Amino acid sequence: MRKPFAIYHEHPDWFRPLFAELERRDIPFVRLDPRAHVYDSGEHSSPYALVFNRMSPSAYLRGGVQGMFFTVGFMAHLERLGVPVVNGLNGFSTEISKARQLTLLESLGLPYPRSRVINHSSKAVEASEGLRFPVVVKANIGGSGAGIVKFASRDVLVAAVEANQLDFGVDHTALVQEFVPARGGHITRVETLGGKFLYAIKVYTTGESFNLCPADICQRADGVELVRAACPIDAPKTGLKVEGYTPPPEVIAACEKIMQTAGIDVGGIEYMVDDRDGKIVYYDVNALSNFVADAVNVVGFDPFARLVDYLVARAK
């Protein structure tokens, strides 16, 4: 009997298209729940042909905070055993630290919003000095837009600090970062697979919502309704609109370099054009990246088919 793939995840809906593609190909797989799991640190072999890490940094919003730091140890354990791990220790460590993402971008000489990293609310106002308002305060571990609050002025930020209203999330670390107005009212999300460009989309947003999960998007930019196969049937429509897009070659090369350096096998990078000066800024690196809803209708092919092709090749 051949060993199964293990899909390590906690969200109940996001990965249904992946499971469907695995079942269609008759590839055996099991689901592992990071919120309640056990492994033997002394074992010398694994029952899995491959482990695909789909742990989400937003799991703490769904009662899964214990899985986040557990995953760091589990990924190290699997890699010691020599199990093929997709989005392993290095990639996941980048996923769960926006501060580390900034260090990565800086090391590659890539532009990003001006930022300061703090670990106590008493430092928030000091950290904002020299930054252009509005600013956002972002929890270091977020996901799905969680833990991001926009402040229009220094006075508003001071009031929030004095009222003890800042929440730095599960690791008590946060970014104070310039809020970048997106030219054209959209951001661009680049998806990569195996460290290579897969596709890109423009996501049109009001600029007031920070949850831009591509699986939640309702419409193409031309108004065509999208089938959100990775969401619950009763999920509310977000009002986001999307269209397929091919970025300039230098942007594609930069995104590939980010992912290859970070060790992220499957992921997405978000960037925008700063409307204040017309320059590109990269601002989010995602190892848990959900493919866009109704991808065939948006980008012209099924990324889940290519994803499973990649998993099969990695398992070999």
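Look a little higher up for the structure.
Description of the structure in this document. Just so it is clear, the structure is predicted and the values come from calculations on it, not from any experiment. (Residues numbered from 1 in each chain as written. Predicted model: local features only at pLDDT ≥ 70, side-chain atom pairs only at ≥ 80, totals over all residues. Heavy atoms only, no water.)

So, the pairing of strand β8 (residues 174–178)
Point 1. When you tally the buried positions in β8, you get five out of five residues, the bulk of the element.
Point 2. By the alternation rule, side chains of β8 split into Ala 174, Val 176 and Glu 178 and Leu 175 and Gln 177, which are all buried. (Buried < 20%, exposed > 50% of the residue type's maximum accessible area, 1.4 Å probe, protein only. Helix = DSSP H or I, 4+ residues; strand = E, 2+ residues; numbered from the N terminus.)

Concerning helix α4 (residues 98–107)
Point 1. Every buried residue belonging to α4 is among Lys 98, Ala 99, Gln 101, Leu 102, Leu 104 and Leu 105, and all of these are buried.
Point 2. One or two steps after α4, the chain reaches Gly 109, where phi turns positive at roughly 70°.

Topic: empty space enclosed by the protein
Here the idea is plain: a probe the size of a water molecule rolls over the atoms and shows the empty space left.
Point 1. Considering all chains together, one arrives at two cavities of 30 Å³ or more under this definition.
Point 2. Lining the largest cavity are Trp 14, Phe 15, Leu 18, Phe 52, Arg 54, Ser 289, Asn 290, Phe 291, Phe 304 and Leu 307.
Point 3. Estimated volume of the second largest cavity: approximately 40 Å³.
Point 4. Around the second largest cavity, the lining residues are Lys 98, Gln 101, Leu 102, Leu 105, Leu 175, Gln 177, Tyr 283 and Asp 284.
Point 5. Those elements giving two or more residues to the lining of the second largest cavity turn out to be α4, β8 and β14 (280–286).
Point 6. When residues in the lining of the second largest cavity are grouped by element, the largest group, four residues, is from α4.
Point 7. Its residues assigned to classes, the lining of the second largest cavity shows four nonpolar, two polar and two charged. (1 Å grid on protein atoms, 1.4 Å probe; cavity = no way out; pocket = protein on both sides within 12 Å on 5 of 7 lines; lining within 4 Å. Points joined across faces, edges and corners; volume = space filled by probe spheres on them. Nonpolar A, V, L, I, M, F, W, Y, C, P; charged D, E, K, R; others polar.)

Some thoughts on the sheet that holds strand β2 (residues 29–32)
Point 1. Read from one edge of the open sheet, four strands run β2-β1-β3-β4, paired in parallel fashion. The sheet is open, and its two borders are formed by β2 and β4 (85–86), each paired with just one other strand.
Point 2. Pairing of strand β1 (residues 5–8) with strand β3 (residues 50–53), which is carried by four bridges, proceeds in the parallel orientation. Pairing of Tyr 8 across the sheet is with Asn 53, part of β3.
Point 3. Docked against the sheet, helix α2 (residues 65–81) engages β1, β2, β3 and β4, running at close to 155° with respect to β1.
Point 4. Along the sheet, helix α9 (residues 303–315) makes contact with β1, β3 and β4, crossing β3 at roughly 135°. (Pairing = 2+ DSSP bridges. Contact = heavy atoms within 4.5 Å. Axes fitted to C-alpha atoms, helices over the stretch in contact; angles between N-to-C directions.)

Considering the environment of Arg 189
Point 1. Note that Arg 189 resides in strand β9 (residues 186–193).
Point 2. According to the relative accessible area criterion, Arg 189 is buried, its value standing at 4%.
Point 3. A distance of 2.8 Å separates a polar atom in the side chain of Arg 189 from a polar atom in the side chain of Glu 191.
Point 4. Only 2.3 Å separates the side chain of Arg 189 from the side chain of Glu 270, close enough to count as a polar contact. (Polar contact = N/O pair within 3.5 Å; in protein donor to acceptor, adjacent residues only side chain to side chain.)

Focus: the environment of Lys 98
Point 1. Secondary-structure assignment places Lys 98 in helix α4.
Point 2. Between the C-alpha atoms of Lys 98 and Val 285, which are 187 residues apart in sequence, the distance is 8.0 Å.

So, the nonpolar core
Point 1. In this structure, Leu 18, Leu 22, Phe 52, Val 266, Leu 307 and Leu 311 are the most contacted members of the largest nonpolar core, which totals 36 residues.
Point 2. With five residues, the single largest contributor to this core is α9.
Point 3. In contact with Phe 52, not counting residues within four places along its chain, are Ala 6, Ile 7, Tyr 8, Leu 18, Val 86, Asn 87, Val 266, Leu 307 and Leu 311. (Core = buried A, V, L, I, M, F, W, Y, C linked by side-chain atoms within 4.5 Å.)

A closer look at the sheet that holds strand β5 (residues 115–118)
Point 1. What the four strands build is an open sheet, ordered β5-β8-β6-β7; its pairing is antiparallel. The strands lining the two open edges of the sheet, one partner per strand, are β5 and β7 (148–151). For this sheet the average axis-to-axis angle between neighbouring strands, irrespective of direction, equals 20°.
Point 2. Two strands pair when backbone bridges link them, and strand β6 (residues 135–139) and β8 are joined in this way by five bridges, in the antiparallel orientation. Within β8, the position partnered with Val 136 by the bridge is Gln 177.
Point 3. Against the sheet, α4 touches β5, β6 and β8, its axis set at about 50° to β8.

Quick look at the pattern of salt bridges
Point 1. Using the criterion set out here, one finds 16 salt bridges in the structure.
Point 2. Ionic pairing is found between Arg 25 and Glu 21, a salt bridge with its closest N-O pair at 2.8 Å.
Point 3. Exposure remark for Arg 25: the relative accessible area of 27% places this residue in the partly exposed category.
Point 4. Close ionic contact of Asp 274 with Arg 276 constitutes a salt bridge, the shortest N to O distance being 2.9 Å.
Point 5. Since its relative accessible area comes to 3%, Asp 274 is described here as buried. (Salt bridge = Lys/Arg side-chain N within 4 Å of Asp/Glu carboxyl O.)

A few points about unusual backbone geometry
Point 1. At the junction of Phe 133 and Pro 134, the peptide bond is cis and its omega measures out at 5° in the coordinates.
Point 2. By the element assignment, Pro 134 lies in the loop between α5 (124–128) and β6.
Point 3. With a phi angle near 60°, Asp 26 is a residue other than glycine that sits in the positive phi range.
Point 4. One can find Asp 26 in the loop between α1 (16–24) and β2.
Point 5. The class of Asp 26 is exposed, set by a relative accessible area of 58%.
Point 6. Here the phi dihedral of His 172 falls at roughly 55°; this positive angle occurs in a residue that is not glycine.
Point 7. Counting through the fold element by element, His 172 comes out in the loop between α6 (154–162) and β8.

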